[in-house]
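Observations on chain architecture
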Amino acid sequence: MKSKEPFDRVSAAVSESRLWRRHVDMGQIGATPRGGVNRLALTIEDALAQTQLLQWASARGYTASRDEIGNLFIRRKGTDATADAVLTGSHLDSQPTGGKYDGAYGVLAGFEVLEALDDAGIETVRPIEVVAWMNEEGSRFSPGAMGSAVFTGSASLDEMQGKTDRKGISVRDALAETAKRCPVPSRRLGEVKPAAYVEAHIEQGPRLESAKATIGVVLSIQGSRRFLVAIFGEEAHAGTTPRRHRKDAVSAAVAAISALESLTADAHDTLRFTVGCLDVYPSSPNTVAGKVTFTIDLRHPDEATLTDIGDRIHTTVKEAAALRSCTAEITNVSYVKPITFAPHVVDRVRAAARDEGYPSMDLPSGAGHDAMHLSRICPAAMVFVPCLRGVSHNEAESATPEDLAAGTRVLARVILELAG
Ligand code: HGY
Ligand code: MN
Ligand code: MN
């Protein structure tokens, strides 16, 4: 029977107050007037958040590095420097009206585990690395989970570095800016092959809270597809152009989106269809729009459904546009297949919650996470904690110090076991 002693020691060394203070400090960076954060990937705010993490890391003597796609690694040595590291972490970038916990919690919980291991005087065989993955949110640059996708070989470095934001700034140029604002020794992609990966995250849904469960044992992550639609019409005078002569890109986009809502109607309400961005060109009140672009975010836990419905988006949009004398171009931006986490790591999360005496429940993740990419190259799992009313991607996102610390104690137990 494995001695529980070191696990109890590292759990007892997790400091709820220190962890909460770090969230308060990190939440100041990119703080918005309504109590959230706006820390888009590779912005000044993102660089400041990384700088703050690095300050905490150097105070502990941890080493830091950044790879070519901008993932930031904080390393705590193991007794065997050649052993593959155990990775934990999440992301520091946020939605434009994001909350203080989405992503930041996983980075700060991972960091708290390193500090708790130090304070408990525990050495691990394997090195442990806390990662702040670049551009998990995919708000400024699409697709999301970009850093972890490149790290795991699911996306090409060159293609992702070429992606541009709405102002035409490329990831490559924004990365160079971040390196200047927050210089860190660089690391080549592929230098680290993770032995395992565990990520702590708020649930971003209401299930744990309504079940009064403190810990979410995450079994899987649903699949997601992203598309970019461009509808082309013809600019015309709003006062003189009769409807029968118009090629109105806005009316074609409205028709296309309502046709897509019919396509994605689901009696079980499992399929998720979202148009989050919609831009009109030239966007003048008295000019009939010549062009509209909009994004599609489509999700489902079943790959066949996601493929079937997703593949029908092209014709649905083109037909609706043609009925209004417009044309359409649809770009497949990304397709991340559903994943199931490694049962032997998931079991460790469940056992750790039990050892801590926390009520837990098994659940799938509706939100995407970097862990979905890591799970393709190493055994991976996630630890969820509740957030108030399941609200997230919203400045009102909220979690309690007790729950954040509880999730961190479970994370500490699992990481200690994996790191040996
Ligand atoms: O979109 C997502 O699922 C993640 O929260 N960025
Ligand atoms: Mn997140
Ligand atoms: Mn998010």
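Quick look at the structure, then. (Residues numbered from 1 in each chain as written. Chains lettered and ligands numbered in written order. Predicted model: local features only at pLDDT ≥ 70, side-chain atom pairs only at ≥ 80, totals over all residues. Heavy atoms only, no water.)

A count of helical and extended segments in the protein chain gives 14 helices and 17 strands. In terms of its C-alpha atoms, the protein chain occupies a principal-axis envelope of roughly 80 × 50 × 40 Å. Among the 420 residues that make up the protein chain, the fraction classed as buried is 55%. Residue pairs in contact within the protein chain that sit at least 24 positions apart in sequence constitute 81% of those at least 6 positions apart. Of the roughly 17,500 Å² of accessible surface on the protein chain, 51% is carried by carbon and sulfur atoms. Of note, the protein chain has its 47 positive side-chain charges centred 2 Å away from the centre of its 53 negative side-chain charges. (Helix = DSSP H or I, 4+ residues; strand = E, 2+ residues; numbered from the N terminus. Buried < 20%, exposed > 50% of the residue type's maximum accessible area, 1.4 Å probe, protein only. Contact = heavy atoms within 4.5 Å. Areas by Shrake-Rupley, 256 points an atom, 1.4 Å probe, with all protein chains shown as cover. Lys, Arg positive; Asp, Glu negative; His and termini not counted. Charge placed at Lys NZ, Arg CZ, Asp CG, Glu CD.)

Coordination of the manganese ion (ligand 2) by the protein comes from H91 (NE2), D102 (OD) and H201 (NE2), over a distance range of 2.1 to 2.3 Å. Sequence spacing of the donor residues for the manganese ion (ligand 2), all on one chain, is H-x10-D-x98-H. The metal-metal distance between the manganese ion (ligand 2) and the manganese ion (ligand 3) comes to 3.5 Å, with D102 coordinating both. Residue H91 is located in the loop between β3 (86-90) and α4 (104-119), and its partner H201 is located in strand β6 (residues 196-202); the two are separated by 110 residues in the primary sequence. (Donors = N, O, S within 2.8 Å, 3.2 Å for Na, K, Ca; no water.)

Another point: the nonpolar core. Judged by nonpolar contacts, the single largest core of 88 residues is most densely connected at L53, I74, F341 and V410. For this core, the element with the highest residue contribution is helix α14 (residues 401-419), accounting for ten residues. Setting aside chain neighbours within four positions, we find F341 in contact with V218, L219, S220, I221, V346, A371, S375, A380, A381 and M382. Counting 27 residues, the second-largest nonpolar core is a separate cluster that includes L271, V292, I309 and V317. (Core = buried A, V, L, I, M, F, W, Y, C linked by side-chain atoms within 4.5 Å.)

For the rest of this paragraph, the subject is the coordination of the manganese ion (ligand 3). At the metal site, the manganese ion (ligand 3) is ligated by D102 (OD), E137 (OE), E137 (OE) and H393 (NE2), and these contacts range over 2.2 to 2.6 Å. The sequence pattern formed by the donor residues of the manganese ion (ligand 3) is D-x34-E-x255-H. Look at D102 and you get buried, because its relative accessible area is 5%.

This part covers the site of ligand 1. Taken together, E136, E137, Q204, R299, A367, G368 and H393 make up the full set of residues near ligand 1. Note that a nitrogen atom of ligand 1 is positioned 3.1 Å from one of the side-chain N or O atoms of E136. One of the side-chain N or O atoms of E137 is found 2.9 Å from a nitrogen atom in ligand 1. Within the complex, the protein chains bury 90% of what would otherwise be the 210 Å² of accessible surface of ligand 1. Of the residues that constitute the shell around ligand 1, the class distribution is one nonpolar, three polar and three charged. (Near = heavy atom within 4 Å. Polar contact = N/O pair within 3.5 Å; in protein donor to acceptor, adjacent residues only side chain to side chain. Nonpolar A, V, L, I, M, F, W, Y, C, P; charged D, E, K, R; others polar.)

Per the stated rule, a full pass over the model turns up six aromatic pairs. Centroid distance Y62 to F111: 5.7 Å. Interplanar angle 80 degrees. Geometry classified as edge-to-face. Of this pair, Y62 sits in the loop between α3 (44-59) and β1 (63-67) while F111 sits in helix α4, and the two are 49 residues apart along the sequence. For the pair shown, Y62 and F111 are each scored as buried. Each ring, one from W133 and one from F151, has its centre 5.0 Å from the other, and the planes form 65 degrees; the classification is edge-to-face. Here F151 lies in helix α5 (residues 146-151) and W133 lies in the loop between β4 (128-132) and α5, a separation of 18 residues in the sequence. Members of the aromatic cluster, connected to one another through ring pairs, are F73, W133, F151 and Y197. A cation over a ring is seen here: K291 above Y281, with NZ or CZ 5.1 Å from the ring centre. Over the face of the ring belonging to Y335 we find K337, whose NZ or CZ atom lies 5.0 Å from the ring centre. (Phe/Tyr/Trp six-rings, centres within 6.5 Å; stacked < 30°, edge-to-face > 60°. Lys NZ or Arg CZ within 6 Å of the ring centre and 35° of its normal.)

On to the pairing of strand β8 (residues 223-232), then. Most of β8 sits inside the fold, with seven of its ten residues counted as buried. Direction of pairing for β8 relative to strand β13 (residues 291-300): antiparallel, over a ladder of ten bridges. Among the inter-strand pairings, S224 is bridged to a residue of β13, identified as R299. Note: β8 against strand β14 (residues 327-336), nine bridges, orientation antiparallel. Among the inter-strand pairings, L228 is bridged to a residue of β14, identified as T331. (Pairing = 2+ DSSP bridges.)

A separate point is the packing of α3 against α4. Running from amino to carboxyl end, α3 crosses α4 at an angle of 5 degrees, the nearest separation of the two axes being 12 Å. What the angle tells us is that α3 and α4 run roughly parallel. Along its contact with α3, which presents L53, W56 and A57, the element α4 presents V107, L108 and F111. For the contact of α3 with α4, a count of residues per class yields six nonpolar, no polar and no charged. (Axes fitted to C-alpha atoms, helices over the stretch in contact; angles between N-to-C directions. Parallel < 35°, antiparallel > 145°, perpendicular 65-115°, else oblique.)

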